[in-house]
Amino acid sequence: MDELVVNWHITEACNYNCRYCFAKWEGNERELIHNPLNIGILIREIPKLLEILNENFGTCFKYIRLNLVGGEPLLYPEAIREIIHCARQSGLLLSLITNGSLLNQDWVNIISESFVQIGFSVDSIHEQTNVAIGRGSNREVFKASMILQYINAIRTYAPNIGIKINTVVNEYNFQEDMNDFIHKANPQKWKIFKMLPIITNNLSVSNQQFETFLLNHQAFRSIISSENNDEMTQSYLMIDPEGRFFQNHHHGVKVYQYSHPIHKVGIQNAFNEITFHVDKFHHRYIPLNPMR
Ligand code: SF4
């Protein structure tokens with residue numbers, strides 16, 4: 001496996017208000033993206049992870065894709081521009097996960113030029129379900145048709161860009177039929193998560209309900225990658241808005257485990273402070289069984 005993926009949750013802020021949102025972190029510091037100097041320091045540390053992981057775990061990662069997530073990353077265009085600039089200098093590839101609500105032609109240009117992959121979080125194609133989940137701002141509710149338009153626009157400018165859809169299976173959508181939407185979006189990957197009850201139990205589903213959703217979308221099994229709660233635990237390399245590594249459950253406790261800020265202590269010291277399962281990480285990014 002050549003590609004190491006690092007997820008940086010650049011902000012907690014979002015214009016939506018999903019009831020099961022887990023984009024909430026403890027801490028007192030200002031989010032790092034508001035300080036261009038610290039953005040640079042953090043991003044220059046990240047390439048060192050290749051050597052740290054390859055030496056410690058015998059892996060053969062060759063390059064890093066920095067995946068920008070939130071909250072909603074597109075709330076901060078200036079920070080994204082600075083990240084793009086620093087990532088280029090540090091040889092990092094970039095990808096992004098967005099709820100799609102803030103996209104416009106400027107973003108289509110930026111994404112087409114500087115990102116190798118864009119992911120859209122789409123939990124439902126029905127307005128009422130999106131309202132019930134909280135997927136909407138004061139001005140409008142999420143519209144799946146708008147996402148399809150932007151996917152087409154981005155593909156026009158960047159035909160080789162990776163398109164990904166993320167869906168969180170929850171109490172309101174586990175019986176939903178998203179086959180037509182996925183057919184039209186034609187993503188390379190559809191990542192389906194079981195709602196992770198780490199911040200709240202709101203709208204959580206049973207394993208059986210989760211399997212129901214997967215079964216109803218079997219036609220897309222070649223692009224589906226699904227994750228139950230165990231597979232999501234301690235198996236992502238994740239950085240929070242303050243620039244700290246963090247991990248999910250620790251010894252069965254429903255809290256995040258944090259390192260010190262990477263831009264303050266260096267990435268090696270910060271990495272040593274978290275628990276990381278390289279086997280689960282490998283499992284996620286090697287498509288041995290497409291239904292996983
Ligand atoms: S769109 Fe994502 S970040 Fe925003 S509230 Fe919903 S789950 Fe949270």
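In case you missed it, the structure is sitting above this.
Because the structure is predicted, anything quoted here is derived from the model rather than measured. (Residues numbered from 1 in each chain as written. Predicted model: local features only at pLDDT ≥ 70, side-chain atom pairs only at ≥ 80, totals over all residues. Heavy atoms only, no water.)

Caption draft 1: Spatial organisation of the overall build of the chain. On a plain count of helices and strands, the chain comes out with 11 helices and 10 strands. Put simply, the chain has 292 residues, and 57% of those count as buried. The long-range fraction of contacts in the chain, counting pairs at least 24 apart against all pairs at least 6 apart in sequence, stands at 73%. Carbon and sulfur atoms make up 48% of the accessible area of the chain, which amounts to about 13,200 Å² in all. (Helix = DSSP H or I, 4+ residues; strand = E, 2+ residues; numbered from the N terminus. Buried < 20%, exposed > 50% of the residue type's maximum accessible area, 1.4 Å probe, protein only. Contact = heavy atoms within 4.5 Å. Areas by Shrake-Rupley, 256 points an atom, 1.4 Å probe, with all protein chains shown as cover.)

Caption draft 2: How the structure looks around helix 2 (residues 48-57). Those residues of helix 2 not exposed but buried are Leu49, Leu50, Ile52 and Leu53. Considering only its buried residues, helix 2 is in contact with strand 1 (3-9), helix 1 (36-45), strand 2 (63-69), strand 9 (244-247) and helix 10 (267-272). Backbone geometry just after helix 2 places Gly58 at a positive phi near 70°.

Caption draft 3: Focus on the site of the ligand. The immediate surroundings of the ligand are formed by Cys14, Tyr16, Asn17, Cys18, Cys21, Gly71, Asn99 and Arg135. For the shell around the ligand, a count of residues per class yields four nonpolar, three polar and one charged. (Near = heavy atom within 4 Å. Nonpolar A, V, L, I, M, F, W, Y, C, P; charged D, E, K, R; others polar.)

Caption draft 4: Main features of the nonpolar core. In terms of nonpolar packing, the biggest core is built from 76 residues, with Trp8, Ile46, Leu49, Phe181, Trp190, Leu237 and Phe245 touching the most fellow members. Per element, the largest residue contribution to this core is eight residues, and it comes from helix 6 (residues 144-157). Apart from residues no more than four positions distant in its own chain, Trp190 is found in contact with Ile165, Thr167, Met178, Ile182, Phe213, His217, Phe220, Ile223, Ile224 and Ser225. (Core = buried A, V, L, I, M, F, W, Y, C linked by side-chain atoms within 4.5 Å.)

Caption draft 5: Just the pairing of strand 2, in detail. Extensive coverage of strand 2 is indicated by the burial of six of its seven residues. By the bridge criterion, four bridges tie strand 2 to strand 3 (residues 93-98) in an arrangement that is parallel. Directly across from Leu66, in strand 3, lies its bridge partner Leu94. Assessed by its sense of winding, the connection that carries the chain from strand 2 through helix 3 (residues 77-90) to strand 3 is right-handed. (Pairing = 2+ DSSP bridges. Right-handed = clockwise from strand over helix to strand, strands pointing away.)

Caption draft 6: Broad picture of the packing of aromatic side chains. Under the definition given, this model contains seven aromatic pairs. With 6.4 Å between their ring centres and 85° between their planes, Phe57 and Phe271 make a pair best called edge-to-face. In this pair, Phe57 sits in helix 2 while Phe271 sits in helix 10, placing the two residues 214 residues apart along the sequence. On the basis of relative accessibility, which here comes to 32%, the residue Phe57 falls in the partly exposed class. Given a relative accessible area of 6%, Phe271 falls into the buried group. The interplanar angle of 80° and the centroid separation of 6.3 Å between the aromatic rings of Trp190 and Phe220 together place this pair among those described as edge-to-face. You can see Trp190 sitting in strand 6 (residues 189-194) and its partner Phe220 sitting in the loop between helix 8 (207-216) and strand 7 (224-227), a full 30 residues away along the chain. For Trp190, a relative accessible area of 0% corresponds to the buried category. (Phe/Tyr/Trp six-rings, centres within 6.5 Å; stacked < 30°, edge-to-face > 60°.)

Caption draft 7: Representation of unusual backbone geometry within the structure. Residue Gly70 is joined to Gly71 through a cis peptide bond whose omega torsion reads 10°. When you line up the elements, Gly71 lands in the loop between strand 2 and helix 3.

Caption draft 8: Representation of helix 4 (residues 105-114) within the structure. Within helix 4, the full set of buried residues consists of Trp107, Val108, Ile110, Ile111, Ser112 and Ser114. Structurally, helix 4 contributes buried residues whose contacts are with helix 3, strand 3, strand 4 (117-121) and helix 6. Capping the start of helix 4 is the job of one residue whose side-chain oxygen sits 3.1 Å from the backbone nitrogen of Asp106: Asn104. (Polar contact = N/O pair within 3.5 Å; in protein donor to acceptor, adjacent residues only side chain to side chain.)

Caption draft 9: Region of the structure containing the pairing of strand 5 (residues 162-169). A large share of strand 5 lies buried, amounting to eight of its eight residues. As paired strands, strand 5 and strand 6 are joined by six bridges and run parallel to one another. When the bridges of strand 6 are listed, Ile165 appears paired with Trp190. Each parallel crossover has a hand, and for strand 5 linked through helix 7 (residues 179-185) to strand 6 it is right-handed.

Caption draft 10: Structural detail: the environment of Ile224. If you trace the backbone, Ile224 turns up in strand 7. On the basis of relative accessible area, Ile224 is assigned to the buried category, the value being 2%. Sequence separation between Ile224 and Ile165 is 59 residues, and the spatial gap between their C-alpha atoms is 9.5 Å.

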